[in-house]
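Architecture and fold: a report
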Amino acid sequence: ASARALAIDHQLGDALIAHGMMRFLLDWDFAKADEELRRGMDRNPTTLAQAFYVFFPWETGRFEEASTIGKHIIDLEPTTAQWHSDMAWNRWSAGDSVAGRAYAQQAIRLDSTFGEPYFILAMMEADGGDVPAARRAVTRNIALSGPDYPFSQMIDAYIKAKSGDTAGARRVLRAMDKDPHLARRAVVLAALGERDSMYVMFERAIDAKDPDAIWFLNAIPSLRPLRHEPRYQQLLERMGLPKEWRQ
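The structure reproduced in this document is the subject of the present report. Everything numeric in this text was worked out from a predicted model, so none of it was measured. Each chain has its residues counted from 1, following the order in which its sequence is written. Local features are withheld for residues below a pLDDT of 70 in this predicted model, meaning they are given only at 70 or higher, and side-chain atom pairs are given and counted only at 80 or more; totals for whole chains, interfaces and linings count all residues. Where side-chain values are given, they derive from all heavy atoms of the structure, hydrogens and water being excluded.

1. Quick word on the overall build of the chain
Scanning the chain for helices and strands turns up 15 helices and zero strands. Here the globule rule reads 2.2 Å times residues to the power 0.38, and the radius of gyration is calculated from C-alpha atoms. Expected size for 247 residues packed as a compact globule is a radius of gyration near 18 Å; at 18 Å, the chain falls within 12% of this value. Once the C-alpha set of the chain is aligned to its principal axes, its extents read approximately 55 × 40 × 30 Å. Partly exposed describes any residue whose relative accessible area lies between the buried limit of under 20% and the exposed limit of over 50%, with all areas from a 1.4 Å probe on protein chains only and scaled to the type maximum. Relative to its full complement of 247 residues, the chain shows a buried share of 53%. A separation threshold of at least 6 residues defines the contact pool for the chain, and within that pool the share at least 24 residues apart is 55%. Surface exposure here means Shrake-Rupley accessible area, sampled with a 1.4 Å probe, where a residue is shielded only by the protein chains that are shown. About 11,400 Å² of surface is accessible on the chain, with carbon and sulfur atoms providing 52% of the total. Each helix corresponds to a stretch of at least 4 residues labelled H or I by DSSP, and each strand to a stretch of at least 2 residues labelled E; elements are numbered beginning at the N terminus. Should any heavy atoms of two residues lie within 4.5 Å, those residues are considered in contact.

Right, dumping it as C-alpha cells:
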C-alpha cells in the first residue's frame with residue numbers, strides 16, 4: 001500500500017515513513033530506511049506516522065532524537081497512553097529510570113487496562129533488584145495483556161535470573177527452546193551471566209533477522225556495559241548497523 005501511495009505521490013509523508021519502516025524492520029537496510037524516514041518526517045506526517053518513526057532512532061540507540069520527537073507527540077496528544085509508554089521505553093533505555101518510571105505510571109493513569117507499561121516497570125524493577133515489585137508488575141502485565149503476551153516467558157526467566165533463581169530461569173529457558181525469537185533467549189542468557197552462549201544466540205538471531213535483536217542489542221540498558229566488547233561490536237556490524245551508531 002505504501003508503494004502504491006508513493007507511486008501516486010512521492011511526497012506523501014506517511015507513505016514514506018511506512019515504506020522506510022519496512023526497509024528497517026524487514027530488510028535491515030538502515031541507510032535507506034534512514035533516508036526514507038527522514039524524508040517522510042519532512043513532509044508533514046500524521047501524529048501516528050511520527051510515532052512509528054520514533055521506533056527507528058530508539059531501536060538503533062539514538063535515544064535523544066527519539067525523545068525529542070516523542071515529547072512533541074505527547075504535546076500534540078497528551079491523553080494518549082501509548083505515547084507515554086513509548087517515552088517510558090525511551091527513557092529506560094537511555095538509563096533514566098526515574099523519567100522512565102514516571103512516563104510508565106502516567107500511561108497507566110491514562111489507561112488502566114493498558115498492559116505494556118507494566119512490562120517496562122517489570123524490567124526496571126528486575127534491573128534495580130526489587131524482585132517483588134518486578135513480579136507484581138509482570139503479573140499485572142499478563143493479566144491485562146493475556147497469557148499469550150509475546151515476552152511473558154522472557155520476562156519470567158529474566159526476573160528469575162536477576163533474583164538468583166538460576167534453576168528456575170533455566171527451566172523457563174528450556175521451555176523456550178522452540179521459540180523462533182532467538183533474541184529473547186539471548187537476553188535470558190545474558191541475565192544468567194552466560195556471555196558466550198548469549199553471543200552465539202544473538203548471532204543466530206541476527207542471521208535469522210529476528211527483529212527483537214535490533215532493539216535488544218541497542219536499547220536494553222542491562223546490555224549497555226557490554227557494548228564496548230569486540231564481540232558485541234561484531235554483532236552490531238553483523239546486523240548492518242552503521243558504524244557511527246555503534247558507539
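2. Things to note about the pattern of salt bridges
Put simply, a salt bridge is a Lys or Arg side-chain nitrogen that is within 4 Å of an Asp or Glu carboxyl oxygen. Within the structure shown, the criterion is met by 13 salt bridges. A salt bridge links Arg91 to Glu64; the nearest nitrogen and oxygen atoms lie 3.1 Å apart. Placement of the pair is Arg91 in helix 6 (residues 81-93) and Glu64 in helix 5 (residues 63-76), with a sequence separation of 27 residues. Asp156 serves as the salt-bridge partner of Lys160, at 2.6 Å between the closest nitrogen and oxygen. With a gap of four residues between them, Lys160 and Asp156 both fall in helix 10 (residues 152-162), about one helical turn apart. What emerges from the salt-bridge pattern is a single network uniting Asp34, Arg38, Arg62 and Glu65.

3. A short note on a nonpolar patch on the surface
Judged by side-chain polarity, Met22, Leu25 and Leu26 come together as a nonpolar surface patch covering roughly 260 Å² of accessible area. Within the secondary structure, Met22 sits in helix 2 (residues 13-27). Exposure above 30% relative accessible area and the absence of a salt bridge qualify a residue for a patch, where like charges join within 9 Å and nonpolar side chains (Val, Leu, Ile, Met, Phe, Trp, Tyr) within 5 Å.

4. Here's the deal with the environment of Phe151
Inspection of the secondary structure puts Phe151 in the loop between helix 9 (131-145) and helix 10. When the C-alpha positions of Phe151 and His181 are compared, they lie 9.9 Å apart, and in sequence the two are 30 residues distant. Each residue touching Phe151, except ones within four places of it in the same chain, is listed here: Phe119, Arg184, Asp212, Trp215 and Phe216.

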